[in-house]
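Spelled out, the chains give:
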Amino acid sequence: MADKHGRKATEQDLEARGPDRIRNVVLVGPSQSGKTTLVETLLACAGAVPRAGSVTEGTTVCDFEDGEQQHGRSISLAVAPVVHGGTKVNLVDTPGYADFVGELRAGLRAADCALFVVAANDGIDESTRQLWRECDEVRMPRAVVVTKLDHARADFDGVLASARAAFGDKVLPVYLPQDEGLVGLITGDPQGEAARERRGELIEGVIEESEDESLMDRYLGGEQIAEDVLVEDLEKAIARGSFFPVLPVCSTNGVGCAELLDLCVRAFPAPPEHLPPEVFTPAGKAADPIACDPGGPLVAEVVKTASDPYVGRVSIVRVFSGTLDPDTPVHVSGHFSSFFGQDGGHEDHDEDERIGVLAHPFGGQQVVTSRVVAGDIGAIGRLSRAETGDTLSGVELPLVLRPWSMPEPLLPVAIEAVSKSDDDKLSSVLARLSAEDPSLRIEHNAETRQLVIWVMGEAHAEVALDRLRERYGVAVQQVELVVPLREAFTMPSKGHGRHVKQSGGHGQYAICDIEVEPLPEGSGFEFVDKVVGGAVPRQFIPSVEKGVRAQMERGVRNGYPVIDLRVTLTDGKAHSVDSSDMAFQSAGALALRDAADAGSVAMLEPYDEVAVLVRDDLVGGIMSDLSARRGRLLGTDKVGEDRTLVRAHVPQTELARYAIDLRSSTHGAGTFTRSFAHYEPMGADLARQVASRQ
Ligand SMILES: Nc1nc2c(ncn2[C@@H]2O[C@H](COP(=O)(O)OP(=O)(O)OP(=O)(O)O)[C@@H](O)[C@H]2O)c(=O)[nH]1
Ligand SMILES: [Mg+2]
């Protein structure tokens, strides 16, 4: 099938010869460093496409979504395979922008090794360090690729020095730019003093990493170590993830691309060398470990769910064990809540589905195939239940993989459908959207009656709203987020409730007297009956309680629920014929309102416990910002060598945009978590503002 630019998918034979002949290589790097363009150049270099497309013209294989083409940047992961020297290299392009870190995590899960892409005209900034940490977290073997060598401000040596300063001295170049091309530092003949010095550094670096301990002594003793020994040791160290080679490339003229593909095939680990994720039975018991064996039990994982206008839902899967065949049933397991302790707005699954068409993904296209073996990445058309993060296994032996760690969306965006017809479709469409994107959480807040999507940042919100509009034809608008407030009595008070309707006839007589007392925070509601002599008949005492509870839900000042209260029913009056359950309910409610009028009621607002992780030198700024948000500092803890965790209680109202503000004040290096802590009285000014909005 051709894409919308009329470009046909690859003519390559994408059927992998076996797990050893596959490399799954994810491209990681800051936004605009040139990853998508590099994939394009590698595709052209390997003959997978006749010529490289361009990001600016919207003609690349990997940026095939409309939103990507409009903005000239990637927003979701895309897979494009090339065959190089008989080995299939699945290139997994990921977006560099921090909002889309969920896609990056999925890409890291699908791959066994990474190309860490930095541009020769950029430095190593905080967001780049953050991405390096993402790779560290999953111990991803990686090579550093320095792109844009042709850029007017390209400074290969400068970037190299910053990369070594940021990522350590195991980052060393194996090629240098020389005479419009590259020269291999071990395999070539580098010219000039500086290049020869680099060659010496590299050789020493490789020997330090060698498993042959005698090599260092021999080298220091003046022995010339054979080139093939060095190359072998270098490749082993790269595959182990203990050495990070640096390669310069230029997508404009293709310099370095052949060397890069060679390195992927020769030095990067094949899928069987990568420890697979842990497996469990659907009941949560540890299952036998799996191996990357096409003959083993089927275990595959959905790393991306896309919607294709022609094919419908397309699930991109990484096969960890066994072989996927078309037209076969599979078991779908998704157990996020049991692994993470909360559903995050994503449904759990445990059911069988049938694989229809099976394909190799090629950007937005699918190249139909008859099997996808362990270690490879495939695309399955029209799975209706499976969502990103779910495990597919044989129906006879259902298994579930421990999910990869999904980022937590911390920016709440309240939305509303623009019209009634949009509103009718919204819930089902949002469910489909969250099936595609585990870093999106949908919250139907029953209390504030708001629909809130929790996202990673503003760009993520924009993508979600664009997809709703363009893909599903549902228009929504952003509205102000409502924070659920509470009301509480601040001192004891008394209330009299009288529901007596002279004209109403039967069932309209009830009188009650109550005393109210505030309880300590978190105590909830207590109802005490101290009626003597049957002033309120037994059967109507629960009616009074019901009426009080209902009024507590409705609030007594500004319409917010009342909390932490003891209500004692002390007296009342009934009529032998005209009293009823309903009458005592309304008398109870009236009595509570009366007690509120006579007493004093405070407005409470929710506080979250916030934990902000930042570099030590930013701690002062973070603390003063939290204080400015009316936060109360709880303490600081040292984390690792140079980072600190700052903990504070902060009102939720002040946190609505914290995800955006923290990112900008720390240049992407700060992260935080938040969870509800308690309610606290609002300051008088704020409470007045709330009251005036009623
Ligand atoms: N001069 C020059 N420009 C390049 C090169 N590679 C990429 N670019 C340009 O750099 C810009 C960003 O390239 P992309 O390939 O979209 O970068 P990316 O890393 O995929 O960016 P995100 O998708 O946002 O993460 C585009 O305008 C490219 O044309 C190169 O080798 N030389
Ligand atoms: Mg890109």
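Treat the numbers as computed from the prediction; the structure is a model and nothing was measured.

Conventions used here
Residues numbered from 1 in each chain as written. Chains lettered and ligands numbered in written order. Predicted model: local features only at pLDDT ≥ 70, side-chain atom pairs only at ≥ 80, totals over all residues. Heavy atoms only, no water. Helix = DSSP H or I, 4+ residues; strand = E, 2+ residues; numbered from the N terminus. Buried < 20%, exposed > 50% of the residue type's maximum accessible area, 1.4 Å probe, protein only. Polar contact = N/O pair within 3.5 Å; in protein donor to acceptor, adjacent residues only side chain to side chain. Contact = heavy atoms within 4.5 Å. Pairing = 2+ DSSP bridges. Near = heavy atom within 4 Å. Areas by Shrake-Rupley, 256 points an atom, 1.4 Å probe, with all protein chains shown as cover. Nonpolar A, V, L, I, M, F, W, Y, C, P; charged D, E, K, R; others polar. Donors = N, O, S within 2.8 Å, 3.2 Å for Na, K, Ca; no water. Expected span 1.5 Å × (residues − 1). Salt bridge = Lys/Arg side-chain N within 4 Å of Asp/Glu carboxyl O. Axes fitted to C-alpha atoms, helices over the stretch in contact; angles between N-to-C directions.

1. What to know about the side chain of Q450
Alright, step 1. Positionally, Q450 belongs in strand β24 (residues 450–455).
Alright, step 2. Assessed through its relative accessible area of 11%, Q450 is described here as buried.
Alright, step 3. A distance of 2.7 Å separates a polar atom in the side chain of Q450 from the backbone nitrogen of V482.
Alright, step 4. The contacts of Q450, once residues within four sequence positions are left out, are A414, E443, H444, N445, V479, E480, L481 and V482.

2. Observations regarding the pairing of strand β31 (residues 601–615)
Alright, step 1. Counting buried positions along β31 gives 13 out of 15 residues, so the element sits mostly inside the fold.
Alright, step 2. Where strand β26 (residues 486–489) meets β31, four bridges bridge the pair, whose relative direction is antiparallel. When the sheet's bridge partners are listed, R486 is paired in β31 with L604.
Alright, step 3. When β31 meets strand β34 (residues 671–681), the two strands line up antiparallel, connected through 10 bridges. For L604, the partnering residue across the bridge sits in β34 and is P681.
Alright, step 4. With nine bridges joining them, β31 and strand β33 (residues 643–651) adopt antiparallel strand pairing.

3. Looking at the site of ligand 1
Alright, step 1. Near ligand 1 lie 19 residues; those nearest to it are S31, K35, T37, S74 and G96.
Alright, step 2. Separating an oxygen atom of ligand 1 from a backbone N or O atom of Q32 is a distance of 2.8 Å.
Alright, step 3. Within the backbone of G34, one N or O atom sits 2.9 Å away from an oxygen atom of ligand 1.
Alright, step 4. Coverage of ligand 1 by the protein amounts to 86% of the 650 Å² it exposes when considered alone.
Alright, step 5. For the shell around ligand 1, a count of residues per class yields four nonpolar, 11 polar and four charged.

4. Notes on the coordination of the magnesium ion (ligand 2)
Alright, step 1. Each protein donor to the magnesium ion (ligand 2) is listed here as T36 (OG1) and S74 (OG); together their distances run 2.0 Å. In this pair, T36 is assigned in helix α1 (residues 35–45) and S74 in the loop between α2 (66–71) and β2 (78–84), connecting sequence segments 38 residues apart. S74 matches T36 in its accessibility class, with the two residues each being buried.

5. Quick look at the environment of P30
Alright, step 1. Positionally, P30 belongs in the loop between β1 (22–28) and α1.
Alright, step 2. For the pair P30 and W132, spaced 102 residues apart in the sequence, the C-alpha separation amounts to 9.8 Å.
Alright, step 3. Among residues more than four places away in sequence, those in contact with P30 are K35, G96, V117, V118, T128 and L131.

6. Points about helix α12 (residues 458–470)
Alright, step 1. Relative to the 18 Å expected for 13 residues at 1.5 Å per residue, α12 spans 18 Å between its end C-alpha atoms, a close match to the ideal helical length.
Alright, step 2. For α12, the set of buried residues is A459, H460, A461, V463, A464, L465, D466, R467 and L468.
Alright, step 3. Buried residues belonging to α12 abut α2, β22 (411–417), α11 (420–436), β24 and β25 (476–479).

7. As for the pattern of salt bridges
Alright, step 1. Enumeration according to the criterion identifies 41 salt bridges in this entry.
Alright, step 2. Between R266 and E235 there is a salt bridge whose closest N-O contact spans 2.8 Å. Of this pair, R266 sits in helix α9 (residues 257–267) while E235 is found in helix α8 (residues 227–240), placing the two residues 31 residues apart along the sequence.
Alright, step 3. Residue class for R266 comes out exposed when judged on its relative accessible area of 54%.
Alright, step 4. A salt bridge links E526 to R566, with the shortest nitrogen-to-oxygen separation between them at 2.8 Å. Of this pair, E526 sits in strand β29 (residues 525–529) while R566 sits in strand β30 (residues 565–573); the two residues are 40 residues apart in sequence, bridging distant segments of the chain.
Alright, step 5. Under the relative-accessibility criterion, E526 is labelled partly exposed at 33%.
Alright, step 6. Linked through salt bridges whose partners overlap, the residues forming this network are K170, E208, E209, E211 and R240.

8. Considerations on the sheet that holds strand β20 (residues 391–393)
Alright, step 1. Here we have eight strands laid out as an open sheet, ordered β15-β14-β20-β11-β12-β19-β16-β17, and antiparallel in their pairing. One side of each edge strand has no neighbouring strand; the edge strands of this open sheet are β15 (349–354) and β17 (365–368). If you compare each strand with its neighbour and ignore which way they point, the axes differ by 40° on average.
Alright, step 2. Inspection of the sheet shows strand β11 (residues 299–308) paired to β20 by three bridges, in the antiparallel sense.

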